[in-house]
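Now for the letters of each chain:
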Amino acid sequence: MTDTATTTLAPEGTDTLDTPDAPDTTAILMQPLEIRHMRLKNRIMFPPMTTGYEARDGSITEQSINFYKRVAEGGAAYIVLGDVTPVHTISPTPKLVTDEQIPSFAALADALHEFDCKLGLQVFHPEYDTVAVAELFAKGDMAGARAKLHHDMAHYVNEVSAERLGEILGSITALARRAAAAGADAIEVHGDRLVGSLCSPLINERDDEYGGSFDNRTRFAREVVRAIRAGSPDICIDYKLPIITENPQIGRGGLFIDEAVTLARLLVEDGVDTFHVGQANHTGNLNDTIPAMGTRPDCFMEPYSRRIKEAVDVPVSTVGAIPDADAAARLIASGACDYVGLGRPILCDPDYANKVADGRADLIRPCIMCNRGCTDAIASRRFISCVLNAQNGYEYQRVIGKTEAPKRIAVVGGGPAGMEAARVAALRGHDVTLFERADRLGGQLDIASVPPRKGTMRRIEQWYARALDAAGADVRLNTEATPEMLADGRFDEVIVAVGGRNATPPIPGTDLPHVMDAWRVLAGEQRPHGRTVIIGGGLVGAETAELIAQDDYGCDVTVVEMMGQIAAEESSTIKPIMMEDFATHHVTLLTNTKVERVTEHAVEAVETINPPAPAGRPGAPAGRPGARPAGGAPGQAAEASGAPEPQTRPVTIPCDCVILALGTAPLPFDTTALDAAGITVTRVGDCNGRAADINRAVEEGYLAAVAA
Ligand SMILES: Cc1cc2nc3c(=O)[nH]c(=O)nc-3n(C[C@H](O)[C@H](O)[C@H](O)COP(=O)(O)OP(=O)(O)OC[C@H]3O[C@@H](n4cnc5c(N)ncnc54)[C@H](O)[C@@H]3O)c2cc1C
Ligand SMILES: Cc1cc2nc3c(=O)[nH]c(=O)nc-3n(C[C@H](O)[C@H](O)[C@H](O)COP(=O)(O)O)c2cc1C
Ligand code: SF4
């Protein structure tokens, strides 16, 4: 591709752009870009992300407007609203089906334009028969609807009639017209899902004019673009181009790169103004397109967007696991794309672009790719909210306002809860001292980042160290705070965030010398060998199992879990990968098995052969590592339903080592001296009642600080 004047960053030899190895991140990312007549003020796009903030009928709510407005205020140049359907569906996504909905979309466009941020609507059609499924639901035939949905996900692309495709095309064109009327700047065609399935040589098995040859498979995609262009001549057309990458099993609903290049060229003739190059979808695991930590390389779409950019004369964006602003700038400077989509990173820090503009990219709160607050949330139909960002979903309600009465605040503990409390309190103008007894910040993150794939967790403590410094908090490492020293008159308020410790259960034999502690194993202080039984299959037990089953430990691992699931709290995007790893390393998983005692050479347990169905909710309480639902619930369910008494059998597991991973116990911190001195005390994070996870630690730290 020959760059146009507007997409070229800097000609060779000028000093606005350093070499791709040492790019001037701010200059590159803040360069404006013209796409048709849509002028982006910088190179940062918030790509399509279903949020769950919309109304039942798909209209834009105040919460939705505030969410996107906050992203716009944070400096993003272009926001694409994800998965907007042109027809009524059962999916909880935005819908623009009637003219009556236009004003709510117009309000969103106006809110974004206030910040010179452009709005795109991603038009998508799901890969199921929306009419038939809706009729089954309306009749109350839930089982029938679910069965049809399940069937359609695999077969609709091959069963939808050409006539129905024509109707869908009409609804897409109508959506584009409504979008233009609402003031949207762009329509992004979701080239994935139904459109991508039709394009795919791996999924499309049709033998009519929409199947077989490349021309036939891509016919609908081209019809969609031409119809939008004809119906809405002025709107900018963005096309999400899904690529089947090196491993076709990861996502098959798109095109291999050579065919994608050919299609891209044709689509430009049809009216496309820009491409958004992404990973193909359609295997049922959201990890394909939204890879969790350690599951895909950084910037994994780079080679594919580079090929598309070389082939077409319109701007191209890329998306997926771009770790930081320097990497984003490098992608642009090296010619892999013209602008970047930053989804989870902007969810995590909506001020991303403004911080780049200010030359403070080091202060961008980094996404750790845990997929818990965002991807898991949409998978379970909750609204998205980053685990590190306590303000998501509460934009303009939860704000860090300056205090009118600055206080001297001590924060005890430098884990996520304490670090967030100290950061927010200091930003508010309080005089904050954070005490951490270890020689580093992070608390449990230090060991949480040790298991396979979890290295990105380290980004949190590294960022907090910089953010605390920038906010002006006084951080005292290697300093154990005691209630007495905090009550000496130096502080008005104390936030206790001392966290937890690995729980020690009352199981006979756990004091034997070959019994280890999962936290100490992860910290490298204890080293298991040979046949190792891990007692407790929550997140910590499962991750420890993965670690010691790897070749450099080479343990022969058995995990014993009293509940019905291993790693119930793990992200649904990561769990299949973890299970694959267990299979590869021959890890034995025993569920519904309760340990009775540990002996010198074995673990003795009791397995429940016919466990009662779990009562009410699947899995463990939200996100709590090592947590257990209350023991009584399953039994009570069995009693109430008249189910047969559970049958049990003894199990003996011979072993050389045992590791305990039975949950986190809150650490005590006696505040009697503080109470006596009249000092306000707030407990946050794992020490507050029950241990939980990063999400709760950060949220409680944040809320304590804004209340101070
Ligand atoms: C192996 C492992 C993996 C995990 N993985 C995940 C995960 O993937 N996702 C997730 O959401 N959660 C995960 N967690 C849980 C998560 O790390 C914790 O919920 C979170 O760290 C709790 O934060 P906190 O600040 O409350 O406590 P902590 O992280 O425990 O921090 C407390 C800090 O207080 C310090 N301290 C204690 N007493 C004093 C004192 N008197 N004076 C000064 N300092 C003191 C401690 O040294 C510590 O640094 C994991 C936990 C473990 C152990
Ligand atoms: C919660 C969530 C919802 C998403 N919804 C959509 C969507 O509606 N349409 C779409 O094309 N991609 C969707 N994506 C994929 C993102 O656009 C993006 O490609 C992906 O998150 C990888 O980029 P990132 O690493 O910058 O987050 C979604 C991603 C997340 C995390
Ligand atoms: S919840 Fe996790 S993956 Fe999602 S944006 Fe936040 S840090 Fe990133």
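Preceding block: the structure.
Let me begin by describing the structure that accompanies this report. A quick note: this is a predicted structure, and the numbers were derived from the prediction, not measured.

**Some remarks on the site of ligand 3**
Item 1. By nearness alone, every residue bordering ligand 3 is listed as Arg344, Leu347, Cys367, Ile368, Met369, Cys370, Asn371, Gly373, Cys374, Cys386 and Val387.
Item 2. Here the shell around ligand 3 is composed, by residue class, of eight nonpolar, two polar and one charged.

**Let's talk about helix 12 (residues 325-333)**
Residue pairs three or four apart in sequence face the same way in an α-helix, which turns once every 3.6 residues.
Item 1. Within helix 12, seven of the nine residues are buried, which leaves it mostly tucked inside the rest of the structure.
Item 2. Listing the buried residues of helix 12 in full gives Ala325, Ala327, Ala328, Ala329, Leu331, Ile332 and Ala333.
Item 3. Just downstream of helix 12 lies Gly335, where phi reads positive at about 85°.

**Overview of the sheet that holds strand 11 (residues 408-412)**
Item 1. Taken in spatial order, the five strands make up an open sheet running 13-12-11-14-25, and their pairing is parallel. Strands with a single pairing partner mark the edges of an open sheet, and in this sheet they are strand 13 (474-476) and strand 25 (680-683). Averaged over all pairs of adjacent strands, the angle between their axes in this sheet comes to 20°, without regard to strand direction.
Item 2. Across four bridges, the pairing between strand 14 (residues 493-496) and strand 25 is parallel. Paired with Val494 across the bridge in strand 25 is Val681.

**What about unusual backbone geometry?**
Note on backbone geometry: most residues besides glycine have negative phi, and most peptide bonds are trans.
Item 1. A positive phi angle, close to 55°, is found at Asn478, a residue other than glycine.
Item 2. Of note, Asn478 is situated in the loop between strand 13 and helix 19 (483-486).
Item 3. When its relative accessible area of 56% is taken as the criterion, Asn478 is described as exposed.
Item 4. Despite not being glycine, Asn592 has its phi angle at roughly 50°, a positive value.

**Describing helix 2 (residues 62-73)**
Item 1. For helix 2, which comprises twelve residues, the first-to-last C-alpha distance of 16 Å matches the rise-based estimate of 16 Å (1.5 Å per residue) to within 8%.
Item 2. Along helix 2, the residues classified as buried are Ser64, Ile65, Asn66, Phe67, Tyr68, Arg70, Val71 and Ala72.
Item 3. Positive phi shows up at Gly75, right after helix 2, with a value of about 110°.

Reading the values: the criteria
Residues numbered from 1 in each chain as written. Chains lettered and ligands numbered in written order. Predicted model: local features only at pLDDT ≥ 70, side-chain atom pairs only at ≥ 80, totals over all residues. Heavy atoms only, no water. Near = heavy atom within 4 Å. Nonpolar A, V, L, I, M, F, W, Y, C, P; charged D, E, K, R; others polar. Buried < 20%, exposed > 50% of the residue type's maximum accessible area, 1.4 Å probe, protein only. Helix = DSSP H or I, 4+ residues; strand = E, 2+ residues; numbered from the N terminus. Pairing = 2+ DSSP bridges. Axes fitted to C-alpha atoms, helices over the stretch in contact; angles between N-to-C directions. Expected span 1.5 Å × (residues − 1).

Coordinates in, geometry out; function isn't part of it.
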